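# Analysis of the macromolecular model
So the chains spell out like this:
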Amino acid sequence: MSENIYGIMAEFDTPTQLVDAAVKVRDAGYTKTDGFSPFPLHDIDEALGIKRSVLPYLILTGGITGLLSALGLVYFVHVIDYPIIVGGRGHFSLPAFIPPMFELTILFAAFTAVFGMLFLNGLPSPYHPVFNIPRFALASREKFFLLIESRDPLYDYEKVRAFMESLSPQEVFDVPE
Amino acid sequence: MADAQDFKAPQSLGHWGTVSLGIGAIALVAWVIGTYFNVEQGLRSWILGFIFWGGIAIGSLGLLMLQYLTGGAWGVVLRRPLEAGTRTLPLVILLFLPIVYGVATHQVYEWTHLPATDPVMAQRGIFMTPWAWILRGFIFLGLFSLMAYLLNKWSADQDSASSFDDSSKLLEKMSKFSGPTLVIYCLVVTFASVDWVLSLDPHWFSTIWGLLYVVGWALSCLCFMVAILASLVDHEPMKKVLGKRHFHDLGKLILALVMVWAYFSFAQYLVVWSGNIPEETAYYIPRIKGGWGWIGASLIFLHFAFPFLVLLQQDFKRHAKWLAGIAIFVLVMRVFDYYWQVGPSARISSLGLESGAFYISWLDFAAPIAIGGLWLWWFFGQLAKRPLVPVNDPYLEEAIEFGHGH
């Protein structure tokens, strides 16, 4: 039975209970964990020991790439490929280039933000074992869930199950693969 | 309902006020003596100080209304300093009087000397006469004062409200007032900034000028207020109120306003650069050459690029002291920006200088310091008068809790 288990999940009634339980889970040394809540809980990241996302750095890289691509594009067009004089100005007229540079910075950064977020979240994900628990649908309504995955290095079915029960949850579920 | 005594302003505010008053009084004496010998330069320097410090007072009004519209914890903790800023408007009206004197006696603003046959002056007719200008100035300041009076009165009523319902109703009233009034505010700032600053170069025009001042004044006000909050954060009562996340949010707002300022400034430049017509470029040519050119370049790198890159980092926004450091730096750059606008503008008496030549007078330091000292003294006095947070605000508890999260 324990072979096919994705993880063990506990259900809580309030966000405070979830955060308190998450702190205990982190202190017990579990790392492959996750929390689920109907609304953003700022405290949960620290409670579960989740590190800051690398997304901001990806977005910065995306923005700089956009800036440089736009500069490269306008430079190639106006200086190398088709240099014509417009309005009596030099071929390389930076003020005129700034709007496309600005726009491409925003565009690339925004695309990186959206697709980077999806990628880092592992989305789109057509199947996820947590939905095998019918009550998990309540995670988007009024209940709070905490999960310890079976791939956690400290995972041991009996121990984790007993540990979860000790957190005084509403209910504890085995999540099948 | 929270107890107002718990949020009483610390005694040290009175001390800061006295120090400011002392410095301001000394600088004022120096300015009066200097102005006696060179009235035009004295008044030009006074305009510089007036649009900087008066801009913080007027910007407080804009941000105060903005936070009523958006809500949020940053607005609740910033409300009392902003209100104190708006209550300095009576002093701002007094500080306007030297400029009124200069305009009435035709001693400052080149247009007071232009002949009526000058095409621009002929078009503007009675609008561009000293008395119409002075009358408008008092109307603008009167409208700002009226808005400030009402918002402060309702806020004081909220402090003495006896029930949650009463205080919620007052908050709703202030929010409803702020919506349409903010639109009027932006229009009045547009007219005021055109009269007070843009008319220093009577032949030049810019349609984005008003927005530049709406943003510029909001930015200098926000930076000033962040510095004030950061200096209060170690003392009760603000020690128990302010948290990292408040500063994080305020830092994001500074970043946003720095970007909007850069966007508008560049938009104005780009239109003139693209058009390339002598009557428009006349404004920028002295400002991108020589000494003024260096100040202009420093605006790009130090008013935009540097604060932008620093404020992108989360850590800088979450440390009150670091954020205050950046805020004060931006505040100094705001002075540079105003100086870059006022300094090269047309003079009545040339002082033997070429038009638009780089010239710094010691009065350019004396006047802003004099006005700043007096203004800060008034501001600290007003800040100490009321509890440092809106004690009966329905969102106060939530706002305080928010700051201490992660």
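Since we're looking at a predicted model, the values are computed, not measured. (Residues numbered from 1 in each chain as written. Chains lettered and ligands numbered in written order. Predicted model: local features only at pLDDT ≥ 70, side-chain atom pairs only at ≥ 80, totals over all residues.)

For the rest of this paragraph, the subject is the overall build of chain A. On a plain count of helices and strands, chain A comes out with 5 helices and 4 strands. Starting at the N terminus and walking to the C terminus, you meet the elements of chain A as β-α-β-α-α-α-β-α-β. Computed over its C-alpha atoms, the radius of gyration of chain A comes to 25 Å, more than 25% above the 16 Å expected for a compact globule of 177 residues. C-alpha atoms of chain A, sized along the principal axes, occupy 80 × 30 × 30 Å. The buried share of chain A, reckoned over its 177 residues, is 24%. Long-range pairs, those at least 24 residues apart, make up 81% of the contacts in chain A between residues at least 6 apart in sequence. (Helix = DSSP H or I, 4+ residues; strand = E, 2+ residues; numbered from the N terminus. Rg over C-alpha atoms; globule rule 2.2 N^0.38 Å. Buried ≥ 20, exposed ≤ 12 C-beta atoms within 10 Å, placed from the backbone. Contact = placed C-beta atoms within 7 Å.)

The next thing to look at is the overall build of chain B. Assigned secondary structure in chain B consists of 16 helices and 0 strands. Looking at chain B residue by residue over its 406 residues, the buried ones come to 45%. Taking all contacts inside chain B whose residues are at least 6 apart in sequence as the whole, residues at least 24 apart take part in 84%.

Counting residues in each nonpolar core, the largest one holds 116 residues, and the members touching the most others are B:Leu222, B:Val226 and B:Ile254. Per element, the largest residue contribution to this core is 18 residues, and it comes from helix α8 (residues 209–232) of chain B. Ignoring sequence-local partners within four residues, the contact set of B:Val226 consists of B:Leu250, B:Ile254, B:Leu323, B:Ala324 and B:Ala327. Membership of the second largest hydrophobic core comes to 24 residues, among which are A:Ile44, A:Phe144, A:Phe145 and A:Leu146. (Core = buried A, V, L, I, M, F, W, Y, C linked by C-beta atoms within 7 Å.)

Paired through backbone hydrogen bonds, the strands of a sheet run either parallel or antiparallel to each other. Residues and elements named next belong to chain A. In space, the 4 strands of this open sheet follow the order β2-β3-β1-β4, with antiparallel pairing throughout. Of all strands in the sheet, those bounded by a partner on one side alone are β2 (33–36) and β4 (171–176). Across the sheet, the mean angle from the axis of one strand to that of its neighbour is 20°, orientation sign disregarded. Helix α1 (residues 15–27) rests against β1 (5–12), β2 and β3 (144–149) of the sheet, and its axis sits at about 20° to β3. Where helix α5 (residues 157–166) meets the sheet, it contacts β1, β3 and β4, and its direction lies at approximately 10° from that of β1. (Pairing = 2+ DSSP bridges. Axes fitted to C-alpha atoms, helices over the stretch in contact; angles between N-to-C directions.)

Taken together, the contacts link 7 residues of chain A with 7 residues of chain B. Mapped onto the side of chain A that touches chain B, the elements with two or more residues apiece are α2 (42–47) and α4 (94–120) of chain A. Here the element with the most residues in the side of chain A that touches chain B is α2(A); it accounts for 4 residues. Tallied by class, residues from the side of chain A that touches chain B come to 2 nonpolar, 2 polar and 3 charged. (Nonpolar A, V, L, I, M, F, W, Y, C, P; charged D, E, K, R; others polar.)

Before going further, it helps to spend a moment on unusual backbone geometry. Cis geometry is adopted by the peptide bond preceding A:Pro124, which originates at A:Leu123 and carries an omega value of -5°. Inspection of the secondary structure assignment puts A:Pro124 in the loop between α4 and β3. Non-glycine residue B:Tyr109 carries a positive phi angle of around 70°. Relative to the helices and strands, B:Tyr109 is located in the loop between α4 (89–104) and α5 (119–124).

So, on to the packing of helix α2 (residues 39–70) of chain B against helix α15 (residues 363–385) of chain B. For any two helices packed against each other, the geometry comes down to the angle between their axes and how far apart the axes lie. Residues and elements named next belong to chain B. One way to put it is that α2 packs onto α15 with a least axis distance of 8 Å and a crossing angle of 40°. Viewed along their axes, α2 and α15 adopt a mutual orientation that is oblique. The chirality of how α2 crosses α15 is right-handed. Here Gln41, Gly42, Ser45, Trp46, Leu48, Gly49, Phe50, Phe52 and Trp53 of α2 come into contact with α15, specifically with Leu363, Asp364, Ala366, Ala367, Pro368, Ala370, Ile371, Gly372 and Trp375. Grouping the amino acids of the contact of α2 with α15 by side-chain chemistry returns 12 nonpolar, 5 polar and 1 charged. (Parallel < 35°, antiparallel > 145°, perpendicular 65-115°, else oblique. Left-handed = near helix turned anticlockwise from the far one by under 90°.)

Bringing the domain arrangement of chain A into the picture now. Assigned domains within chain A: domain 1 (2–52 + 130–176) and domain 2 (55–120). One C-alpha centre belongs to domain 1 of chain A, the other to domain 2 of chain A, and the line joining them spans 44 Å. (Domains from an automatic or database assignment.)

The next thing to look at is α4(A). All names here are of chain A. With 27 residues, α4 should reach 39 Å at 1.5 Å per residue; the first-to-last C-alpha distance of 36 Å fits that figure. The complete set of buried residues in α4 reads Leu104, Phe108, Ala109, Thr112 and Gly116. A positive phi of about 70° marks Gly122, the residue just after α4. (Expected span 1.5 Å × (residues − 1).)

All names here are of chain A. Most of β3 is tucked away, with 6 of its 6 residues classed as buried. Of the two faces of β3, the one carrying Phe144, Leu146 and Ile148 and the one carrying Phe145, Leu147 and Glu149 are both buried. In this sheet, β3 lies alongside β1 in antiparallel orientation, the contact comprising 6 bridges. In the strand pairing of β3, Met9 is matched with Leu147. Looking at chain direction, β2 and β3 are connected through 4 bridges and run antiparallel. Paired with Phe36 across the bridge in β3 is Phe145.

All names here are of chain A. Here Leu94 lies in helix α4. Leu94 sits in the exposed class, given 11 other C-beta atoms within 10 Å. Once the C-alpha coordinates of Leu94 and Leu67 are considered, the two residues, 27 residues apart in sequence, prove to be 13 Å apart.

This part is about the environment of A:Ile50. Within the secondary structure layout, A:Ile50 lies in the loop between α2 and α3 (55–81). With 15 C-beta atoms counted inside 10 Å, the residue A:Ile50 sits in the partly exposed group.

On to the environment of A:Val160. All names here are of chain A. Structurally, Val160 is set in helix α5. Judged by the 24 C-beta atoms lying within 10 Å of it, Val160 is buried. Measuring from C-alpha to C-alpha, the distance between Val160 and Leu48 comes to 16 Å, with 112 residues separating the pair along the chain. Apart from residues no more than four positions distant in its own chain, Val160 is found in contact with Ile8, Ile148 and Tyr155.

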